[in-house]
Amino acid sequence: MSEPRILLTGMGPKLSGLCWEANAQLRIGRHSSQDVVLRDGTVEKAHAEIRHHGMRWMLRDLAQSPLFPTLVNSTPVNGKDVMLNRDDILQFGRMQLCVADLAVERPPEYAPALPPATPVAASTEKKPAIVTSGMQLRIKAQTQQSWDRALEHVTRNAPQEPGKEQAMLALVRANHHLTHMSSLDLLLQSILGDTIGALNAQRGSIILADPVTGELTLKATLAPKINAGLAPRPFSRTLVKRCFDVGESILCDDVNGEEAVMMARSIKHGAMASVICALLRTPRKRLGILHLDRGVLDDPFTPNELYYADAIAASVAVGIETAQLVEQQREQFIQTVTTLARAVEARDQYTGDHTRRVTDFSLMLAEELKLTPNERYQIQIGTPLHDIGKIGIEDSVLRKPGKLTPGEFDYMKTHTTKGATMLDSMFHLTPMIPIVKYHHERWDGSGYPDGLSKDQIPMIARIVSVADAMRAIIGI
């Protein structure tokens, strides 16, 4: 029997560019446990459910409130089960989705006969030349398997394919990286390293779509078998664009077979002879492309190697999507910290300029000392806030033009403990407290507030203290 499939795409400014794919069911609602999560107050926690049943795709309305009913093509469902068709417009509260693609399970007599070794939704026979932007691409194999089917295929066939233990190990290691990497860049480099080794590629690249513009941008590349002095082009833009636009992983096993392809800059100067483009996708959306290539002296990639690359791409895509979301949250967090720092700047113009420059110096020192990514992040967030406690200092002291009296200076010193107290109430900022509290401690123990000395002073606080002194000495 052929495999059922449904693909929903988002409509409107909040959902444009998002898509969700399934082979059995999709649960739709506001709660994070749903398959299609719609963050809108007009959507209920569990608003509707779509299931494949009896050679049909059916929508079941679960909405309780009559104020925001479920609509199919502008018609209220009113708690009923409705059969879906391609291009139907579904509305849940204010949110709209379109049934972009739909296939139902067919009995064997409706399905074309396939050789036993041929996987579902994939083809290994020689493909005709495909014209893309005036360039002919000789595609040997391609696959449009869903996320779960891609993994199921390689797991099922692994025992029958000798020599593929490394590819299976790459799948396992790829998922290990998802939970142990501290940044998206490190995650992508680790995925490339394992995949290149497992599939014996000369080079690999990961190209991701910008979440706002959709533009495909190179995010990571690794070429352990290529002389760095040659500065080869890391991927074929033509193949990458076709793979992403069509939504299928492809194998081009002989790029020199067509003169137009051979003369493409990435092929001609990149020493590519055989190329795999594996689609990075989740059940919700397309993320980008995993691009692998071999040189003219290497054996070309095989269709089975395409399926392994496709399975790896499907496996790591969820982790990449999560890492992207974490990075976006970090950027938003940095903007929040910047806003807090500006609150100090509004009270004291000197402190504002001072804070920005000390942050720059601190990050330079952290990079030179090869601090961990987590420590560099603490410095990036904590340094702009190192004088945040001055918000609690009265203007008569903070803005005093002349020299402070001993009593006033003791009062000014309390900005370190005031700032630490402020951060202590904010969970995400507590790791930065050592910078705020101890950046005025001194190596000889003459600093404040606790008179710490030498290694008693946290490393990140010492770095900010040195950067603070550098700024004062240089005078900029």
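Residues numbered from 1 in each chain as written. Predicted model: local features only at pLDDT ≥ 70, side-chain atom pairs only at ≥ 80, totals over all residues. Heavy atoms only, no water.

Asks: Can you walk me through the overall build of the protein chain in this structure?
Replies: When you go through the protein chain residue by residue, the secondary structure sums to 14 helices and 20 strands. Pairs at least 24 apart in sequence give 59% of the contacts found in the protein chain among residues at least 6 apart. When the accessible surface of the protein chain is split by element, carbon and sulfur atoms take 54% of a total near 24000 Å². (Helix = DSSP H or I, 4+ residues; strand = E, 2+ residues; numbered from the N terminus. Contact = heavy atoms within 4.5 Å. Areas by Shrake-Rupley, 256 points an atom, 1.4 Å probe, with all protein chains shown as cover.)

Asks: When you look at the confidence of the model for the protein chain in this model, what are you seeing that I'm missing?
Replies: Predicted coordinates in regions of low pLDDT should not be interpreted in detail. The share of residues in the protein chain with pLDDT of 70 or more is 73%, and the mean pLDDT across the chain is 77. In the predicted structure, residues 107-137 sits below a pLDDT of 50 and forms 53 contacts with residues beyond four places in sequence or in another chain. Between residues 257-269, whose pLDDT stays under 50, and residues either more than four places distant or in other chains, the model counts 28 contacts. (pLDDT = per-residue confidence, 0-100.)

Asks: How should I be thinking about the sheet that holds strand 5 (residues 48-53) in this particular structure?
Replies: To summarise the sheet geometry, strands pair through backbone hydrogen bonds and adopt either a parallel or an antiparallel arrangement. Strand order across the open sheet formed by five strands is 4-3-5-6-9, with mixed pairing between neighbours. With partners counted over all chains shown, the strands left at the sheet margins are strand 4 (36-37) and strand 9 (81-83), one partner each. The pairing of strand 3 (residues 25-29) with strand 4 spans two bridges and is parallel. Looking at strand 4, one finds that G29 is bridged to V37. (Pairing = 2+ DSSP bridges.)

Asks: Is there a simple way to think about the sheet that holds strand 10 (residues 89-92) in this case?
Replies: Taken together, the six strands give an open sheet; going across it, the order is 2-1-11-10-7-8, and neighbouring strands pair in antiparallel fashion. Strands at the two margins of the open sheet, each flanked by one partner only, are strand 2 (19-22) and strand 8 (75-76). As paired elements, strand 7 (residues 70-72) and strand 8 share two bridges and run antiparallel to each other. Following the sheet pairing, V72 is matched in strand 8 by T75.

Asks: Just to check I follow, could you spell out the nonpolar core for this structure?
Replies: Note on soluble globular proteins: their nonpolar side chains tend to be buried together. If you look at the biggest cluster of nonpolar residues, it comprises 29 residues, and the most contacted ones within it are L188, I206, I276, L280, L290, L292 and I320. Core analysis: the next-biggest nonpolar cluster, separate from the first, contains 24 residues, I6, L59, L84 and V99 among them. (Core = buried A, V, L, I, M, F, W, Y, C linked by side-chain atoms within 4.5 Å. Buried < 20%, exposed > 50% of the residue type's maximum accessible area, 1.4 Å probe, protein only.)

Asks: Even after reading the chapter, I still don't get the side chain of S205, so can you show me in this structure?
Replies: Take S205: it is sitting in strand 16 (residues 203-209). Within the structure, S205 has its side chain in polar contact with the side chain of T221 (distance 3.0 Å). Polar side-chain contacts of S205 include one of 3.1 Å to the backbone oxygen of P234. Not counting residues up to four positions away in its chain, the partners in contact with S205 are L192, L218, A220, T221, P234, F235, I289, L290 and H291. (Polar contact = N/O pair within 3.5 Å; in protein donor to acceptor, adjacent residues only side chain to side chain.)

Asks: What is the right way to read the state of the cysteines from this model?
Replies: Here, the word disulfide means a covalent bond between the sulfur atoms of two cysteines. Within this structure, the stated rule accounts for zero disulfides. This cysteine, C252, is not joined by any disulfide, and C277 carries the nearest cysteine sulfur, 8.7 Å off. (Disulfide = S-S within 2.5 Å.)

Asks: Help me understand the packing of aromatic side chains, please; the structure alone is not making it clear to me.
Replies: In this description, an aromatic ring pair is defined by two values, namely the gap between the centres and the angle between the planes. According to the stated counting rule, one finds one aromatic pair in the structure shown. Seen from their ring centres, F409 and Y448 are 6.4 Å apart, and the 80° between their planes marks the pair as edge-to-face. You can see F409 sitting in helix 11 (residues 406-413) and its partner Y448 sitting in the loop between helix 13 (433-438) and helix 14 (459-474), a full 39 residues away along the chain. Given a relative accessible area of 39%, F409 falls into the partly exposed group. (Phe/Tyr/Trp six-rings, centres within 6.5 Å; stacked < 30°, edge-to-face > 60°.)

Asks: Just checking my understanding: could you explain unusual backbone geometry for this structure?
Replies: Excluding glycine, a negative phi dihedral is what most residues carry, and trans is how most peptide bonds are arranged. The peptide bond linking Y448 to P449 adopts the cis configuration, its omega dihedral lying at 15°. Summarising the element assignment, P449 is placed in the loop between helix 13 and helix 14. Phi is positive for N78, close to 55°, though the residue is something other than glycine. Looking at the element boundaries, N78 is found in the loop between strand 8 and strand 9. In this structure, D87 takes a positive phi of about 75° despite not being glycine. Positionally, D87 belongs in the loop between strand 9 and strand 10.

Asks: Explain the pattern of salt bridges to me, please; I cannot follow it from the model alone.
Replies: Opposite charge on two side chains allows them to pair when their charged atoms are near. Summed over all chains, the structure comprises 19 salt bridges. For D395, the salt bridge goes to R399, with nearest N and O atoms at 3.8 Å. On the accessibility criterion, R399 (48% relative accessible area) is partly exposed. A cluster of three or more residues bridged by salt bridges with shared partners is formed by R5, E21, R86 and D101. (Salt bridge = Lys/Arg side-chain N within 4 Å of Asp/Glu carboxyl O.)

Asks: How should I be thinking about helix 14 in this particular structure?
Replies: Within an α-helix, residues lying three or four positions from one another point in the same direction, as the helix has 3.6 residues per turn. Between the first and last C-alpha of helix 14 there are 22 Å, a value that for 16 residues agrees with the 22 Å anticipated at 1.5 Å per step. The set of residues buried in helix 14 consists of I460, A461, I463, V464, S465, A467, D468 and R471. (Expected span 1.5 Å × (residues − 1).)

Asks: It is not clear to me how the pairing of strand 20 (residues 286-294) should be interpreted in this structure. Could you clarify?
Replies: Taken residue by residue, a regular strand's side chains alternate between the two faces of the sheet. Most of strand 20 is tucked away, with eight of its nine residues classed as buried. Examined bridge by bridge, strand 16 and strand 20 share six bridges and lie antiparallel to one another. Paired with G204 across the bridge in strand 20 is L292. Of the pairings in the sheet, the one linking strand 19 (residues 274-281) to strand 20 comprises eight bridges and is antiparallel in character.

Asks: What is the right way to look at the packing of helix 11 against helix 12 (residues 415-424) in this model?
Replies: Look at helix 11 against helix 12: their axes get within 5 Å of each other, and the N-to-C directions meet at 20°. Taken together, the axes of helix 11 and helix 12 lie roughly parallel to each other. On helix 12, the residues that touch Y411, M412 and K413 of helix 11 are H415, T416 and K418. In terms of residue class, the contact of helix 11 with helix 12 is made up of two nonpolar, two polar and two charged. (Axes fitted to C-alpha atoms, helices over the stretch in contact; angles between N-to-C directions. Parallel < 35°, antiparallel > 145°, perpendicular 65-115°, else oblique. Nonpolar A, V, L, I, M, F, W, Y, C, P; charged D, E, K, R; others polar.)

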